Protein chains: 2
Amino acid sequence: MAGTVASLALTLCTLLSTAYCYNYSTERFRVPVDHFSFAVNDTFEIRYLVNADHWREDGGPIFFYTGNEGDITMFAENTEPKYLGYLTSQQALADYADLIKYLTANQTEYNKSPVIAFGGSYGGMLAAWFRMKYPHIVAGSIAASAPILQFTGLTPCEAFYRIVTSDFEAASSECSNSIRKSWKAINNVTSSDGGRAWLSSAWQLCKPLQKQGDVSALKDWLIDIYTNMAMLNYPYPTNFLAPLPAKPIKVACQFLPDSKQEEKPLLQSLFKAISVYTNYTGKTKCLDIGEDATSDLGERGWDFQACTEMVMPMCSDGRHDMFEKKAWDFTQYSDTCYKKWKVRPQPDLAVKIYGGKDISTTSNIIFSNGLLDPWSSGGVLRSMSTSVRAVIIPEGAHHLDLRASNPADPTSVIEARRAYQYFISTWIKQYRKQQTKKKRLLSRNTTE
Amino acid sequence: MAGTVASLALTLCTLLSTAYCYNYSTERFRVPVDHFSFAVNDTFEIRYLVNADHWREDGGPIFFYTGNEGDITMFAENTEPKYLGYLTSQQALADYADLIKYLTANQTEYNKSPVIAFGGSYGGMLAAWFRMKYPHIVAGSIAASAPILQFTGLTPCEAFYRIVTSDFEAASSECSNSIRKSWKAINNVTSSDGGRAWLSSAWQLCKPLQKQGDVSALKDWLIDIYTNMAMLNYPYPTNFLAPLPAKPIKVACQFLPDSKQEEKPLLQSLFKAISVYTNYTGKTKCLDIGEDATSDLGERGWDFQACTEMVMPMCSDGRHDMFEKKAWDFTQYSDTCYKKWKVRPQPDLAVKIYGGKDISTTSNIIFSNGLLDPWSSGGVLRSMSTSVRAVIIPEGAHHLDLRASNPADPTSVIEARRAYQYFISTWIKQYRKQQTKKKRLLSRNTTE
């Protein structure tokens, strides 16, 4: 399941790079490589983007988008390997804290601005954790599709792929059954040289399948495509990780109406189905299974994080899901990580740092989850308190709520956004009240 | 005021080393040198002491003493200098988190134990910050005499020495006036070779005063002694930083009944006064002003911390306090730090990390302060919310409340300890309720 650790990496939020046009200026800010010691004194510049279209002077709020694994990768790939070890969630949060402190310093135009953090996917995790660790810097957070419970011991490893499966099942059970059967068909067909040649040609692979390892890579690549289609199962056409029609799973499943097909016809149908993802524009010349489904995000950084603190166990049983049976094998996972990065994953680290399910003491966080989104398996689906709220979007895929509004939006996401407005205005009021109270209470906090 | 950065270092809590006998076993636990990166993979062993005298099986609470600058110094002084940069409050908290996670892991006898942190002085700061940053690991904290507001921009730099002064003033105004006048007397007398020789002899200095620098050192040393006497102005005899009688300031001030004395007689009286601190046992052969008043605490580690994140501005004006006028000069402070440690202090770092006065969102912390204690200048003296409470002990010196009970205890400290009992039992109940609720709410948090 090596391909799937990259899945979260695929989700760099479209917010700042979508077809909808946003204005922003690109700024730079210097931060320490290591916020947590005085042993490493190197610094580097982070980029940040500023959109002031809706800026309200004299204390208007700052909406602080907590980035994603895509941006931070820039850093990881453009600096020396010796710095890669500092690519951690806590260093990222400390970067954000530095930046906000700088932006809201006394002399600035933002010095009375409450800060609302928001983000989706890994960025949503950062938004939530930012509020948990720096409540004095962030008044509240919208954490969209943030799988903060997708860690060892918190969520059954089967959950993720069951949701992917149920998305295909919802289109038609013939569809999910076709995929379920396809693995054996692939195994059988590719067991001979002739079969591998046939499939390479039928699927227009850029590099023909030569050996068994190539077949494994093909299957991992397929798993990623199904996963991405589930994440991106939006109600209108999008161009996020790939150009896609509205409801791509429904479109793809039209090519898989009969799970009882013979193996080769089944694989021919499957090719048409996955082409909805790989070649919706009709311009793809050949399928490159070596290239990850979203290679442009530069997911090496995320892969490193998945090999250190972001260990998210996943597995499939082939019965309650449409995938081949595959156990979660931490030892193998760890060995692969060590081979690639010379690090050993620390599966309990994120829970130790951020609390796992023990987050009842935090406040002012909304966790939103679309139930079409496989990452909802690790999401917070129940409100923890009056100010740590779960918002469920039954018809939503991966952080649909953070996208621009669209005529095809389901009612649930419109209502979710209304709820955010309400909570954000509450947090801003609370912030202003607290600032006043702080001044009153603590201005006298000096002893003569 | 170079000597005073060490003052906080002087306060290693007596709790585990007092004349009262406590039983404990000494254990060791291996932690990473750097909790916040994957670049440094070295580890080292921390010591921890376990007292199980009052341990109640099956879920009794763990009272976790958050150490002090004394213990952590062991590490700083016994390992390579390249590791010194990792001597930070956040690394210490992460050590504690690791240790508690290890102690309360599933298989252990402590797996149902809520953890209550407590500490005094810097240890009190750590106790408070521990709850702020790891509320999922600590159910609540008693932060005794914890000057978390003694940072740049939060507390006037004059406050600290005004409290020292008022402690002497409370004994008698002749006493504080004598000390106020003594600086000029020292300056005048030591302006000649003969005068320096006279003072060296009259005060039984181990090394005679040779040059002007020696006189500065002498004055810094005196400032530390007055400060320590204020911190240790306990109502019964103690042996914490030095063997002392009950109410040492009152005892010392008996030797300073007349501030109008001529300079040399005044300095002779002063010698008797400070001897209450330096030679209460009568066994001190000579006064070593090179040695810090509490050198045995190994304060090099604290000095490094004061030169990095623990920058606590202090100053005196000579009018509202009994010291020579001395401004807070950050540039000079920074240069001294750079000369000693090759680091530059970061005066805003602690506030950025921990919030300064913006701590309204935290919960379950008691900040206690004795008003005789100069460190109360940077303490939280007003309750922030129903669960972040300030407890004032008017007759208390530096974390008197953490000491064993004593017949001479003032009512205020007895009442404070009762309040702690009440709050701790509330926190424990809350913890148990939360654990039950968590199990109920989140056991269903998996999506089929």
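Scroll up for the structure.
Notes on the structure follow. For every chain, the first residue of the written sequence is number 1, and numbering continues from 1 onward in sequence order. Following the order in which they are written, the chains are lettered starting with A and the ligands numbered starting with 1. The model is predicted, so local features are restricted to residues of pLDDT at least 70 and side-chain atom pairs to those at 80 or more, both for listing and for counting; the totals for chains, interfaces and linings are taken over all residues. Hydrogens are left out, water is left out, and the side-chain values use all remaining heavy atoms of the structure.

Some remarks on the environment of Asn228(B)
Residues and elements named next belong to chain B.
Here's step 1: Mapped onto the secondary structure, Asn228 falls in helix α7 (residues 212-231).
Here's step 2: The exposure class of Asn228 is buried, given its relative accessible area of 0%.
Here's step 3: Separated by 14 residues in sequence, Asn228 and Ala242 have C-alpha atoms that sit 9.4 Å apart. Secondary structure elements are taken from DSSP: a helix is a run of H or I of four residues or more, a strand is a run of E of two residues or more, and numbering for both begins at the N terminus. Partly exposed describes any residue whose relative accessible area lies between the buried limit of under 20% and the exposed limit of over 50%, with all areas from a 1.4 Å probe on protein chains only and scaled to the type maximum.

Looking at the relation of the copies chain A and chain B
Here's step 1: The least-squares superposition of copies is restricted to C-alpha atoms, and to residues with a pLDDT of at least 70 in both copies. Superposing chain A onto chain B takes a rotation of 180 degrees plus a shift of 0.0 Å along the axis, which leaves an RMSD of 0.0 Å. Both copies of the chain, as the preceding transformation shows, are related through a two-fold rotation axis.
Here's step 2: Note on contacts: a residue pair qualifies if any of its non-hydrogen atoms lie within 4.5 Å across the two residues. A share of 98% of the interface residues of chain A reappears at the interface of chain B, consistent with the copies meeting face to face through the same patch.

Describing the side chain of Ser334(A)
Residues and elements named next belong to chain A.
Here's step 1: By the element assignment, Ser334 lies in helix α11 (residues 330-341).
Here's step 2: At 2.9 Å, the side chain of Ser334 forms a polar contact with the side chain of Arg344.
Here's step 3: Contact partners of Ser334, with chain neighbours within four places excluded, come to Val343, Arg344 and Pro345. In protein, a polar contact means a hydrogen-donor-capable atom and an acceptor-capable atom, both N or O and within 3.5 Å, with residues adjacent in sequence counting only if both atoms are side-chain atoms; elsewhere, any N or O pair within 3.5 Å suffices.

Details of the packing of helix α5 (residues 173-189) of chain A against helix α9 (residues 263-278) of chain A
All names here are of chain A.
Here's step 1: A fitted line through C-alpha atoms represents every axis, and for helices the fit uses only the stretch in contact; the resulting angles, taken between N-to-C directions, go from 0 to 180 degrees. In the contact formed by α5 and α9, the axes pass within 9 Å of each other and the chain directions differ by 120 degrees. Here α5 lies oblique to α9, going by the angle between them. Crossing of α5 over α9 shows left-handed handedness. Residues Ser178, Ile179, Lys181, Ser182, Lys184, Ala185, Ile186, Asn188 and Val189 of α5 form the contact with α9, whose own contacting residues are Glu263, Lys264, Leu266, Leu267 and Leu270.
Here's step 2: The classification used treats Ala, Val, Leu, Ile, Met, Phe, Trp, Tyr, Cys and Pro as nonpolar, Asp, Glu, Lys and Arg as charged, and all other residues, Gly among them, as polar. For the contact of α5 with α9, the residue count by class is seven nonpolar, three polar and four charged. Our angle categories are set so that under 35 degrees counts as roughly parallel, over 145 as roughly antiparallel, 65 to 115 as roughly perpendicular, and the remainder as oblique. When the near helix sits turned anticlockwise from the far one by under a right angle, the crossing is termed left-handed; a clockwise turn instead gives a right-handed crossing.

A few points about empty space enclosed by the protein
Here's step 1: A cavity, in this analysis, means grid points on a 1 Å lattice covering only the protein atoms where a 1.4 Å probe fits yet has no way out; a pocket is instead an open set bounded by protein on both sides within 12 Å along at least five of seven lines, and a residue lines either one if it has an atom within 4 Å of a point. Grid points are joined across faces, edges and corners, and a volume is the space filled by probe spheres set on the points. This model, assessed by the stated rule, comprises 14 cavities of 30 Å³ or more.
Here's step 2: For the largest cavity, the calculated volume is near 290 Å³.
Here's step 3: Taken together, 24 residues form the lining of the largest cavity, with Met132(A), Pro135(A), Arg131(B), Met132(B) and Pro135(B) sitting closest to its centre.
Here's step 4: Looking at the lining of the largest cavity, the elements with two or more residues in it are α3 (122-133) and α12 (349-354) of chain A together with α3 (122-133) and α12 (349-354) of chain B.
Here's step 5: In terms of residue class, the lining of the largest cavity is built from 10 nonpolar, eight polar and six charged.
Here's step 6: Put simply, the second largest cavity is a space of about 130 Å³.
Here's step 7: Lining the second largest cavity are Phe36(A), Gln90(A), Leu93(A), Lys133(A), Tyr134(A), Tyr354(A), Phe36(B), Gln90(B), Leu93(B), Lys133(B) and Tyr134(B).
Here's step 8: Going through the elements one at a time, α2 (89-103) of chain A together with α2 (89-103) of chain B are the ones with two or more residues in the lining of the second largest cavity.
Here's step 9: Among the residues making up the lining of the second largest cavity, the classes are represented as seven nonpolar, two polar and two charged.

Comments concerning the environment of Gln346(B)
Here's step 1: Among the secondary structure elements, Gln346(B) is positioned in the loop between α11 (330-341) and α12.
Here's step 2: Counting along the chain gives 43 residues from Gln346(B) to Asp303(B), while the straight-line C-alpha distance between them is 14 Å.
Here's step 3: Every residue in contact with Gln346(B), bar those within four places of it in the chain, is listed here: Phe38(A), Thr308(B), Glu309(B) and Val311(B).

Some thoughts on the state of the cysteines
Residues and elements named next belong to chain B.
Here's step 1: Only a pair of cysteine sulfur atoms within 2.5 Å qualifies as a disulfide here. All chains considered together, the criterion is met by eight disulfides over all chains.
Here's step 2: Two residues, Cys307 and Cys337, share a disulfide whose sulfurs are 2.0 Å apart. Its S-S torsion of about -80 degrees marks the bond between Cys307 and Cys337 as left-handed, since a negative value means left-handed. Pair noted here: Cys307 is in the loop between α10 (300-306) and α11 and Cys337 is in helix α11, with a separation of 30 residues, a long-range link.
Here's step 3: Look at Cys307 and you get buried, because its relative accessible area is 2%.

A look at α11(B)
Residue pairs spaced three or four apart in an α-helix point in one direction, given the helix's 3.6 residues per turn.
Residue and element names in this part refer to chain B.
Here's step 1: Under the 1.5 Å per step criterion, the end-to-end length of α11 is 16 Å for 12 residues, consistent within 8% with the ideal 16 Å.
Here's step 2: On its buried face, α11 sits against α10.
Here's step 3: Residue Asp329 occupies the N-cap position of α11, its side-chain oxygen lying 3.2 Å from the main-chain nitrogen of Thr331.
Here's step 4: With its phi angle positive at about 60 degrees, Lys342 sits one or two positions after the end of α11. By this rule, a helix spans an expected 1.5 Å times one less than how many residues it contains.

Quick notes on the interface of chain A and chain B
Here's step 1: Opposite the 62 residues of chain A that make contact, chain B presents 61 residues.
Here's step 2: When two parts are put together, the accessible area they lose, computed with a 1.4 Å probe and summed over both, is reported as buried area. Three residues stand out in chain A for area buried against chain B, namely Phe36(A), Phe38(A) and Lys352(A), and they jointly supply 15% of the buried area on that side.
Here's step 3: Salt bridges, as used here, are contacts in which a Lys or Arg side-chain nitrogen is within 4 Å of a carboxyl oxygen on Asp or Glu. At the boundary of chain A and chain B, one finds two salt bridges.
Here's step 4: We note a salt bridge from Lys352(B) to Asp98(A), for which the minimum N-O separation is 2.4 Å.
Here's step 5: Here chain A and chain B share 12 residue pairs in polar contact (both at pLDDT 80 or more) between them.

A look at the side chain of Lys352(B)
Here's step 1: Within the secondary structure, Lys352(B) is located in helix α12.
Here's step 2: The exposure class of Lys352(B) is buried, given its relative accessible area of 18%.
Here's step 3: At 2.4 Å, the side chain of Lys352(B) and the side chain of Asp98(A) are in polar contact.
Here's step 4: Every residue in contact with Lys352(B), bar those within four places of it in the chain, is listed here: Ala97(A), Asp98(A), Lys101(A), Tyr134(A), His136(A) and Ile137(A).

Functional significance is not addressed by these values, which are geometric in nature.
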